[in-house]
Amino acid sequence: MQVLDEEELAQIKELLLTLDEADDDEVAGLGLSSVSGSADIHWLLYCGTLVFFMQAGFAMLCAGSVRAKNVQNIMLKNLLDACVGALGFWSLGYGVAYGGFPARDRGNEIVGSSFFMGTGQIERRAGWHNWFFQFAFAATAATIVSGAVAERCAMSAYAGYAFFLTTFVYPVVAHWVWSDKGFLSAFKMEPYKNVGCIDFAGCGVVHMVGGAAAGLGAWILGPRIGRFDPSVPVTEFRGHSAPLTVLGTFILWVGWYGFNPGSTLAIVGSGDVAAKVAVCTTLSAAAGGVTNMLLHFQIAKRVSHDKHGIYDVAETCNGVLAGLVSITAACAVVEPWASVVIGVFGALVYSGGSEILKRLHIDDAVNACPVHFFAGAWGLIAPGLFARGVNMRAAYDNHRTGLFYGGNGTMLGVQLLAFVTITIWVTVTMGPFFLAMKKLGLFRVTEEHERLGLDESKHGGSAYNQSELFDNSKKKTPTKALEVDAEEGKGDADKSV
């Protein structure tokens with residue numbers, strides 16, 4: 001083993017003393033700022049990859065929640081979300097959301113004005129790592145709609161929707177709340193009401209936008225054939241694969257650890273905030289899952305003839321997702337105990353939203369609107385109630401607090417303003433778009449294709465070998481096959497005699 005001599009030890013000691021006494025400029029000169037900058041870039045690339053992996057979770061969740069005859073169709077739509085969303089966000093969306101203005105200009109509080117198609121010195125002024133991270137969020141907002149309009153939406157209309165949302169509808173909201181120019185931004189030099197909208201990872205920006213678009217799309221498109229026909233059992237529309245649904249839920253849960261902690265946008269100096277965000281995210285998801293499982297057990301117990309409840313796997317999954325959505329805005333500014341409360345109420349709000357849609361005969365095939373819009377709206381309001389001052393200072397460098405910590409209601413008022421503004425914006429943009437698609441006959445597939453199944457009519461056949469997987473009654477088991485062969489052999493022997 002090589003031992004350092006006294007001279008080398010003295011050099012190391014001198015370097016450590018220099019680093020301890022150096023100011024920021026001197027540290028930058030020693031190259032340490034580039035190390036921390038690289039760590040922050042790696043953090044965003046890593047978290048952005050987790051967020052993008054949520055696309056796989058959405059694909060599995062949607063595939064398991066639809067009937068087997070439409071699996072290929074829904075998975076292709078999830079692929080298109082990523083592909084079309086990437087092109088749309090690169091060409092226009094990122095510029096609308098985060099495009100900067102000249103320093104002499106106070107800027108536009110509504111939309112950005114540069115970085116279109118990667119121009120405007122985006123690499124030097126913003127960085128490709130920021131584009132990648134923000135693209136993953138835009139793709140998430142777009143893919144929320146796929147499940148709501150599943151089993152009857154035409155492919156061309158869906159691709160058009162994905163492009164419109166990622167180039168304009170979502171980026172405008174992102175600019176309002178997350179850019180340093182937006183009128184609701186908490187990152188402005190002088191934020192609205194000295195606080196701005198506290199939406200750390202996107203209850204309003206991502207989930208309410210996608211969830212509102214999902215609800216509008218399902219309403220304007222109309223329900224699946226027979227969905228609200230009293231003579232057709234509800235079980236006819238039950239998802240075909242619980243394993244895929246659970247797998248998708250777990251993948252989404254993992255992806256949320258990029259979604260929420262990654263929204264620190266840096267790890268150097270923000271590690272403690274990111275760690276607490278991860279804890280709050282976990283607890284809210286767990287509370288939502290348990291709450292919804294128990295709630296729907298009691299509901300099933302009350303409505304069943306034998307008064308026996310059931311533990312519904314799909315509803316437990318939706319409870320987990322509602323808890324994850326609900327904590328997304330407040331995850332950096334609340335205490336762990338509050339995240340449990342937020343998750344519990346998130347599950348209750350989701351279940352209430354689901355019941356409202358059913359009574360209005362709005363057919364959301366995977367309950368995307370209740371999970372993302374209703375639970376997202378609750379989550380957007382939550383900081384106005386539960387935000388603690390010490391957490392606000394760590395995450396936003398702001399001293400404002402929620403009502404339960406002595407706040408005067410200013411933050412809650414701003415959160416409510418954001419809720420109303422986002423809801424109106426998505427309604428007046430996506431509503432006319434869906435209505436135009438319907439008027440032109442481009443929104444829905446034909447009745448014949450819908451009854452047959454979109455896999456057979458549009459994609460060349462089923463995603464499965466259904467004759468083997470889903471028609472077991474027509475298959476011979478090995479035992480029965482042996483019995484038949486034995487009988488046939490016995491018959492042949494009798495004939496020979």
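Residues numbered from 1 in each chain as written. Predicted model: local features only at pLDDT ≥ 70, side-chain atom pairs only at ≥ 80, totals over all residues. Heavy atoms only, no water.

Re the packing of aromatic side chains
Inclusion rule: Only the six-membered ring of Trp is used, alongside the rings of Phe and Tyr, when aromatic pairs are assigned; centres must lie within 6.5 Å, and planes under 30 degrees apart are stacked while those over 60 apart are edge-to-face, with the rest tilted. Secondary structure counts use DSSP, requiring at least four H or I residues in a row for a helix and at least two E residues in a row for a strand, with both numbered from the N terminus. Working definition: with a 1.4 Å probe on protein chains only, accessible area under 20% of the residue-type maximum means buried, over 50% means exposed, and in between means partly exposed. Look at NZ for Lys and CZ for Arg. If either is within 6 Å of the ring centre and within 35 degrees of the ring normal, a charge sits over the ring.
Counted by the stated rule, this structure contains 29 aromatic pairs. Measuring from ring centre to ring centre gives 4.9 Å for Phe 133 and Phe 137, while their planes differ by 50°; the resulting arrangement is tilted. Pair noted here: Phe 133 and Phe 137 are both in helix α6 (residues 128-148), with a separation of 4 residues, about one helical turn. Pair check on accessibility: Phe 133 and Phe 137 agree, each one buried. Look at Phe 200 and Tyr 396: their rings are 6.3 Å apart centre to centre, the planes differ by 75°, and that puts the pair in the edge-to-face class. Of this pair, Phe 200 sits in the loop between α7 (155-178) and α8 (203-221) while Tyr 396 sits in helix α15 (residues 389-396), and the two are 196 residues apart along the sequence. The residues Phe 200 and Tyr 396 share a single accessibility class, namely buried. In textbook terms, an aromatic cluster arises when at least three aromatic residues are bridged by ring pairs, as seen for Tyr 158, Tyr 161, Phe 164, Phe 168, Trp 176, Phe 183, Trp 425, Phe 433, Phe 434 and Phe 443. The ring of Phe 228 has Arg 227 lying over it, and the distance from NZ or CZ to the ring centre is 4.8 Å. Over the ring of Phe 237 we find Arg 227, and its NZ or CZ is 6.0 Å from the ring centre.

Regarding α6
The cut-off we apply is this: Here the expected span of a helix is defined as 1.5 Å times the quantity of residues minus one.
For α6, spanning 21 residues, the distance from its first C-alpha to its last is 32 Å, which sits close to the expected 30 Å at 1.5 Å a residue. The element α6 is extensively covered by neighbouring structure, given that 18 of its 21 residues are classed as buried.

Structural notes on the pattern of salt bridges
Applicable threshold: By definition here, a salt bridge exists when the distance from a side-chain nitrogen of Lys or Arg to a carboxyl oxygen of Asp or Glu is within 4 Å.
Going through the model one piece at a time under the given rule, you end up with 10 salt bridges. For Arg 224, the salt bridge identified is with Asp 363, shortest N-O distance 2.7 Å. Taken as a pair, Arg 224 in the loop between α8 and α9 (242-259) and Asp 363 in the loop between α12 (336-359) and α13 (368-381) lie far apart in primary sequence, 139 residues in all. A salt bridge links Arg 388 to Glu 335, with the shortest nitrogen-to-oxygen separation between them at 3.3 Å. Of this pair, Arg 388 sits in the loop between α14 (383-386) and α15 while Glu 335 sits in the loop between α11 (313-327) and α12, and the two are 53 residues apart along the sequence.

Details of the layout of surface pockets
In plain terms, the rule: Definitions used throughout: a 1 Å grid over protein atoms alone; a cavity as a set of points that fits a 1.4 Å probe which cannot get out; a pocket as an open set with protein on both sides within 12 Å along at least five of seven lines; a lining residue as one with an atom within 4 Å of a point. Grid points are joined across faces, edges and corners, and a volume is the space filled by probe spheres set on the points. Amino acid classes used here: Ala, Val, Leu, Ile, Met, Phe, Trp, Tyr, Cys and Pro are nonpolar; Asp, Glu, Lys and Arg are charged; the rest, including Gly, are polar.
Taken as a whole, the largest pocket spans an internal volume of roughly 1,400 Å³. Lining the largest pocket are 41 residues; nearest its centre among them are Val 234, Asp 312, Glu 315, Lys 358 and Asn 367. The set of elements that each furnish at least two residues to the lining of the largest pocket consists of α3 (32-65), α9, α10 (271-303), α11 and α12. Of the residues that constitute the lining of the largest pocket, the class distribution is 19 nonpolar, 12 polar and 10 charged. Within this model, the second largest pocket holds a volume of roughly 750 Å³. In terms of lining residues, the second largest pocket is bounded by 32 residues, among which Tyr 98, Asn 130, Gln 134, Trp 178 and Leu 265 are the most central. Per element, the largest residue contribution to the lining of the second largest pocket is 5 residues, and it comes from α6. Its residues placed into classes, the lining of the second largest pocket shows 17 nonpolar, 11 polar and 4 charged.

Here's the deal with the packing of α8 against helix α16 (residues 410-439)
Two quantities define a packed helix pair, namely the angle between the axes and the distance from one axis to the other. Heads up, the rule is: Axis definition: a line fitted to C-alpha atoms, limited for helices to the stretch in contact. Angles are taken between N-to-C directions and run from 0 to 180 degrees. The hand of a helix crossing depends on one turn: near helix anticlockwise from the far one by less than a right angle means left-handed, and clockwise means right-handed. Between two residues, a contact is recorded if the distance between any of their heavy atoms is within 4.5 Å.
Relative orientation of the contacting elements α8 and α16 amounts to 35°, with a least axis distance of 9 Å. Seen from above, α8 lies across α16 with right-handed handedness. Along the contact surface, α8 presents Gly 204, Val 205, Met 208, Val 209, Ala 212, Ala 213, Leu 216, Gly 217 and Ile 220, while α16 presents Phe 419, Ile 422, Thr 423, Val 426, Thr 427, Met 430, Gly 431, Phe 434, Leu 435 and Lys 438. Residues of the contact of α8 with α16, tallied by class, amount to 13 nonpolar, 5 polar and 1 charged.

Thoughts on a nonpolar patch on the surface
Selection criterion: Exposure above 30% relative accessible area and the absence of a salt bridge qualify a residue for a patch, where like charges join within 9 Å and nonpolar side chains (Val, Leu, Ile, Met, Phe, Trp, Tyr) within 5 Å. Per-residue and other accessible areas were derived by the Shrake-Rupley procedure at a 1.4 Å probe size, with only the shown protein chains allowed to occlude residues.
Where nonpolar side chains cluster on the molecular surface, the patch consists of Trp 337, Leu 403, Phe 404 and Tyr 405 and spans about 410 Å² of accessible area. Residue placement: Trp 337 occurs in helix α12.

Quick look at the nonpolar core
Stated precisely, the cut-off is as follows: Among the buried residues, those of types Ala, Val, Leu, Ile, Met, Phe, Trp, Tyr and Cys that are joined through side-chain atoms within 4.5 Å form a nonpolar core.
The biggest cluster of nonpolar side chains holds 126 residues, and the ones touching the most others in it are Tyr 161, Tyr 170 and Val 426. With 13 residues, the top contributor of residues to this core is α7. Residues contacting Val 426, with those up to four places away along its chain left out, are Val 169, Val 209, Ala 212, Ala 213, Leu 216 and Gly 431.

Examining the confidence of the model for the protein
Detailed conclusions should not be drawn from predicted coordinates in areas where pLDDT is low. Stated precisely, the cut-off is as follows: For every residue, the pLDDT score states the predictor's confidence, bounded by 0 at the bottom and 100 at the top.
Here the protein averages 88 in pLDDT, and 85% of its residues register 70 or above. With pLDDT under 50 throughout, residues 472-497 is counted as low confidence; its partners more than four residues away or in other chains account for 2 contacts.

Looking at empty space enclosed by the protein
Tallied over the entire structure, the rule returns 1 cavity of 30 Å³ or more. Along the walls of the largest cavity sit 16 residues, with Phe 58, Leu 61, Val 366, Ala 368 and His 372 positioned nearest its centre.

A word on unusual backbone geometry
Phi is positive for Asn 194, which is not a glycine, with a value near 60°. Looking at the secondary structure, you find Asn 194 in the loop between α7 and α8.

A closer look at the environment of Ile 198
Inspection of the secondary structure assignment puts Ile 198 in the loop between α7 and α8. Along the backbone, Ile 198 and Met 411 are 213 residues apart, and their C-alpha atoms lie at a distance of 8.1 Å.

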